[in-house]
Structures are given as structure tokens and as C-alpha cells.
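If you want the building blocks of each chain, they are given just below.
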Amino acid sequence: MIRLDDIDVTFPKPGDANEQVHALADLDLEIADREFVCLLGPSGCGKSTALNLIAGFTSPTSGAVTVDGAAVTAPGPDRGVVFQEATIFPWLSVRENVAFGPKLGRGADRSGLHERVDELLERVGLAGFGDHLPSELSGGMRQRVGLARVLINDPPTLLMDEPFGALDAQTRITMQELLLELWERNRKTVLFVTHDIDEALILGDRVIVMTARPGSIRSIIDVDLPRPRSYDMITDPEYVALRQRLFEELRQEAQRADELMGVTHGGER
Ligand SMILES: Nc1ncnc2c1ncn2[C@@H]1O[C@H](COP(=O)(O)OP(=O)(O)O)[C@@H](O)[C@H]1O
Ligand SMILES: [Mg+2]
């Protein structure tokens, strides 16, 4: 179980040490084991900051971050992180990239590593690409390598920060469906950050809508759509209703944020 308890995060404002950026305020969040939670909110609302707290890249200004009751103080092999740009070494082959972490002795054991790498490459759709260099791959394939690099350690938790955000629409859907397929086979605890409503709905057990900065939780929406999920569902009345609800949440939040900034909307007096 992952917990964020009464979290506040302020950063010194870049270029002006006297000013502060209040990134997160009074944030509470619980993610159960093997739950797939999507964190949804506009750019700049603090999604990455929240994920980085759990990853151990950032410390809270106040509040507690725990995984299974233990305070998070540093990154660890129990929490695999996937970013928008896959972290891969350009000079290593696909196979060497995937084997790199375990070879360093981090996370998973090394027995049968070669076989495990090849099996994983097949599962993420990279069978036959083991000897290729990253520069020979498309963006979607590079993200497959990035995923495999994390999955080879078999971490109980996956932290994904807009991992498909730079991909074209069709590739993004393919990658979402791949992630669902992998998760159905081996359910990990997932925190998935996105600003895309459909992505959140297709993937998540729950969607957590954040407020504008300073980020906090605006609402939590249970996604009771049946699994396995696919894009065939997007015309189901249940899906359409959830989509409408999330759209409305985001619209109202944007309006609230504008009003706080003194922007007025047409038709309001
Ligand atoms: N290391 C940092 N130093 C200063 N400000 C930061 C830092 N990291 C994030 N911020 C600021 O905190 C706010 C939230 O950022 P972030 O968590 O990246 O938002 P999101 O991922 O939702 O787009 C933004 O205003 C951002 O500029
Ligand atoms: Mg971000």
C-alpha cells in the first residue's frame, strides 16, 4: 500500500530564490496493492511532483510518504519508473539495455537472465529486435524497450509519468492496450500520470482528478468498467457517462483556477 499523508511541497522559484512555487498542498492519497490508479490534471498541477515523491526523487516539504508502512527516502528497485522519454542507452542494443539493470545487481536476480530478457522482449512486442540499436527504433518501440527495462526487475510498483504522451494517437492506443495486457497477466500497483481523459478511463480502476496548482485532490472517480478493457468500449453508455463526468470535472477546475487568477468567463456577472 502506497500512502501520501498531508503532503505539502514548495520549491524555490527558479531564478528568484526569494519566491516559492507551491506545487502540492494538503495532498492525501492511498493506492492499494495491485490497484491501477490514474492521476489526471492539467499541466503544471503537480502530477509529476506527486509521482516523484513516491519514486523517492523528491522529498515533501511536510507530510509523509510511505510504501507498505516504510518511509520513502530514496529510489528503489521495488518502484519502477517510466517517463515520457524512455531512459535507454543509445550505444547498447535493445537486449543489452533490458539486461542492464539486473547485470548491475539491482533488483531481480541474474539467473537465466538471457532467457528472461528474450521472453520479455517477446511479451512487449520486440521479438527479433534484440540486436537493434535504439536509434533504429520508432518512438513506440523505444517506449517498449523502456517498459521492458523496468519490467525485467519485476517491481511490485510501476510509476508512469505520461509515458505515451509523446507518441502519435494510434501508437498511443497500441501502447495502452499493450500495458493493459501486461498488467492483466501480472497485476502490479500502478500510478499512471496523464492529462488525457480517455487514457485514464481505459486504464484505471480509479481516476484521481487534481486541482490546479497548488495540486490537491479535487475528486476521485471509480471506474467500474469491466476488464479486460479495450477501445471497443468507448461508445458504451457507461463509458460515455464517465467521460462526460471527467470532462466536466476538468472544465470546472479550469474555470475555478481562472477565477482565482481574476479571469472572468463570458456570461458570468
Ligand atoms: N524542481 C522544481 N523547481 C521549481 N519548481 C518546480 C520544480 N518541479 C516542479 N516545479 C513546479 O511545480 C509545479 C508542478 O509541477 P509538475 O509536478 O511538474 O506538474 P505536472 O506534472 O502536473 O505538469 C509547476 O509550477 C512546476 O513549474
Ligand atoms: Mg508532469
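Keep in mind it's a predicted model, so treat the numbers as computed, not measured.

**Quick look at a negative patch on the surface**
Here's step 1: A surface patch of like charges, here negative, comprises E177, E181, D222, D224, D232, D236 and E238.
Here's step 2: Within the fold, E181 resides in helix 5 (residues 169–185).

**Side note on the site of ligand 1**
Here's step 1: With respect to spatial proximity, 14 residues lie near ligand 1, and among them G44, K47, S48, T49 and R213 are the closest.
Here's step 2: In the environment of ligand 1, an oxygen atom lies 3.2 Å from a nitrogen or oxygen atom belonging to the backbone of C45.
Here's step 3: With respect to ligand 1, the side chain of T49 contributes an N or O atom lying 2.6 Å from an oxygen atom.
Here's step 4: In isolation ligand 1 exposes 560 Å². Once the protein is present, 66% of that is buried.

**Quick look at the nonpolar core**
Here's step 1: Within the largest apolar cluster, 50 residues are counted, with the highest numbers of intra-cluster contacts made by M160 and F192.
Here's step 2: Beyond its immediate stretch of four places on either side in the chain, M160 contacts L51, V82, L147, L179, V190, L191, F192 and V193.
Here's step 3: Counting residues in hydrophobic clusters, the runner-up holds 26 residues, among them L4, L24, L29 and L39.

**A look at the packing of aromatic side chains**
Here's step 1: One pass over the structure, following the stated rule, counts six aromatic pairs.
Here's step 2: Ring geometry for F36 against W183: centres 5.5 Å apart, planes inclined by 75 degrees, an arrangement best described as edge-to-face. Of the two residues, F36 sits in strand 3 (residues 36–40) while W183 sits in helix 5, which places them 147 residues apart along the sequence.
Here's step 3: Summarising the aromatic geometry, the rings of F36 and F192 are spaced 6.2 Å apart at their centres and angled 35 degrees between planes, so their arrangement reads as tilted. One end of the pair, F36, is in strand 3; the other, F192, is in strand 8 (residues 189–194), and 156 residues separate them in sequence.
Here's step 4: On the accessibility criterion, F36 (0% relative accessible area) is buried.
Here's step 5: The rings of F36, F164, W183 and F192 are connected pair by pair, giving a single aromatic cluster.

**Some details on helix 4 (residues 139–151)**
Here's step 1: Between its first and last C-alpha atoms helix 4 spans 18 Å; for 13 residues at 1.5 Å apiece the expected length is 18 Å, and the two agree.
Here's step 2: Of all 13 residues in helix 4, 11 are buried, a share of seventy percent or more.
Here's step 3: Those residues of helix 4 that fall on the buried side of the exposure criterion are G140, M141, Q143, R144, V145, G146, L147, A148, R149, V150 and L151.

**Observations concerning the pairing of strand 4 (residues 62–67)**
Here's step 1: For strand 1 (residues 2–13) and strand 4, the ladder comprises five bridges, and the chain directions are antiparallel. Its bridge partner lying in strand 4, I2 is registered against V67.
Here's step 2: Strand direction decides the pairing type here: strand 4 and strand 5 (residues 70–71), joined by two bridges, are antiparallel. When the sheet's bridge partners are listed, V67 is paired in strand 5 with A70.
Here's step 3: Hairpin connection between strand 4 and strand 5: a loop of two residues separates the two successive antiparallel strands, and D68 in this loop has a positive phi of roughly 50 degrees.

**Some details on helix 5**
Here's step 1: Taking 1.5 Å per residue, 17 residues should reach 24 Å; helix 5 reaches 25 Å between its end C-alpha atoms and fits that length.
Here's step 2: For helix 5, the set of buried residues is M175, Q176, L178, L179, L180, L182 and W183.
Here's step 3: Those residues of helix 5 that are buried lie in contact with strand 3, helix 3 (113–123), helix 4, strand 7 (157–161), strand 8 and helix 6 (197–203).

Thresholds, definitions, all that
Per chain, the residues get numbers from 1 upward, laid out in the order the sequence is written. Chains and ligands are labelled by the order in which they are written, letters from A for the one and numbers from 1 for the other. Residue-level local features of this predicted model are given only where pLDDT is at least 70; pairs of side-chain atoms are given and counted only at 80 or more, and the full residue set underlies all totals for whole chains, interfaces and linings. Based on all heavy atoms of the structure, the side-chain values leave hydrogens and waters out of the count. Residues qualify for a patch when their relative accessible area is over 30% and they have no salt bridge, like charges being joined within 9 Å and the nonpolar side chains of Val, Leu, Ile, Met, Phe, Trp and Tyr within 5 Å. Per-residue accessibility takes into account occlusion by the displayed protein chains alone, with areas from the Shrake-Rupley method and a 1.4 Å probe. For this document, the term salt bridge refers to a Lys or Arg side-chain nitrogen within 4 Å of an Asp or Glu carboxyl oxygen. When charges are counted, Lys and Arg contribute as positive and Asp and Glu as negative, whereas His and the chain ends are disregarded. Positions of charges follow a simple convention, taking NZ of Lys, CZ of Arg, CG of Asp or CD of Glu. For the purposes of this entry, the term helix denotes a DSSP run of H or I that reaches at least four residues, the term strand denotes a run of E that reaches at least two, and both are numbered from the N terminus. Throughout, near means a residue has at least one heavy atom within 4 Å of the molecule or strand. Side-chain atoms alone can form a polar contact between residues adjacent in sequence; in general such a contact is a pair of N or O atoms within 3.5 Å, and within protein one must be able to donate a hydrogen while the other accepts it. For the purposes of this section, nonpolar cores are sets of buried Ala, Val, Leu, Ile, Met, Phe, Trp, Tyr and Cys residues that join through side-chain atoms within 4.5 Å. Exposed residues in this analysis have more than 50% of their type's maximum accessible area, buried residues have under 20%, and partly exposed residues fall in between, with area computed by a 1.4 Å probe over protein chains only. Two residues qualify as a contact provided that any one of their heavy atoms is within 4.5 Å of a heavy atom in the partner residue. Any pair of Phe, Tyr and Trp rings, taking the six-membered ring for Trp, is counted once the centres come within 6.5 Å. Such a pair is stacked with planes under 30 degrees apart, edge-to-face with planes over 60 apart, and tilted for the rest. To estimate how far a helix should extend, the number of its residues minus one is multiplied by 1.5 Å. What makes two strands pair is DSSP finding at least two bridges between them.

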